[in-house]
Amino acid sequence: MEFLITIPSTIVLLLHMQPICRPAGVVAETQLSSADLGGLRIQLVADAGAALLVLLVAAVYKPRV
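Read on for a plain summary of the structure. Just so we're clear, the structure is a prediction, and the values are computed from it rather than from any experiment.

What counts and how
- Residues numbered from 1 in each chain as written.
- Predicted model: local features only at pLDDT ≥ 70, side-chain atom pairs only at ≥ 80, totals over all residues.
- Heavy atoms only, no water.
- Helix = DSSP H or I, 4+ residues; strand = E, 2+ residues; numbered from the N terminus.
- Buried < 20%, exposed > 50% of the residue type's maximum accessible area, 1.4 Å probe, protein only.
- Areas by Shrake-Rupley, 256 points an atom, 1.4 Å probe, with all protein chains shown as cover.
- Patch = residues over 30% accessible without salt bridge, like charges linked within 9 Å, V, L, I, M, F, W, Y side chains within 5 Å.
- Salt bridge = Lys/Arg side-chain N within 4 Å of Asp/Glu carboxyl O.

1. A short note on the overall build of the chain
From N to C terminus, the chain includes two helices and zero strands. Going through the 65 residues of the chain one by one, you find that 6% of them count as buried. Looking at the chain as shown, the accessible area adds up to about 5300 Å², and 72% of this sits on carbon and sulfur atoms.

Structure follows, in structure tokens:
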């Protein structure tokens, strides 16, 4: 069961790397105010929190056999 949780969560995290890399390149080249990055910060924290939750569930959840 852990395998069925870990593999899709890994794929989703890898897919989220693409949207993160593009803004990181833009931020590195330009000067933005902290207000411009507010939405991106919230998305990054939410994605990281969701990933942590999934990995914790995979580590703790043990199905009865």
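2. A word on the environment of His-16
With respect to the secondary-structure elements, His-16 resides in helix H1 (residues 2-29). The exposure class assigned to His-16 is partly exposed, which follows from its relative accessible area of 28%. His-16 sits 28 residues away from Leu-44 along the chain, and the two C-alpha atoms are 9.3 Å apart.

3. Quick word on a nonpolar patch on the surface
A cluster of nonpolar side chains, Phe-3, Leu-4, Ile-7, Ile-11 and Leu-15, forms an exposed patch at the surface whose accessible area comes to about 540 Å². Among the structural elements, Ile-7 can be located in helix H1. Using a relative accessible area of 36% as the deciding quantity, one classes Ile-7 as partly exposed.

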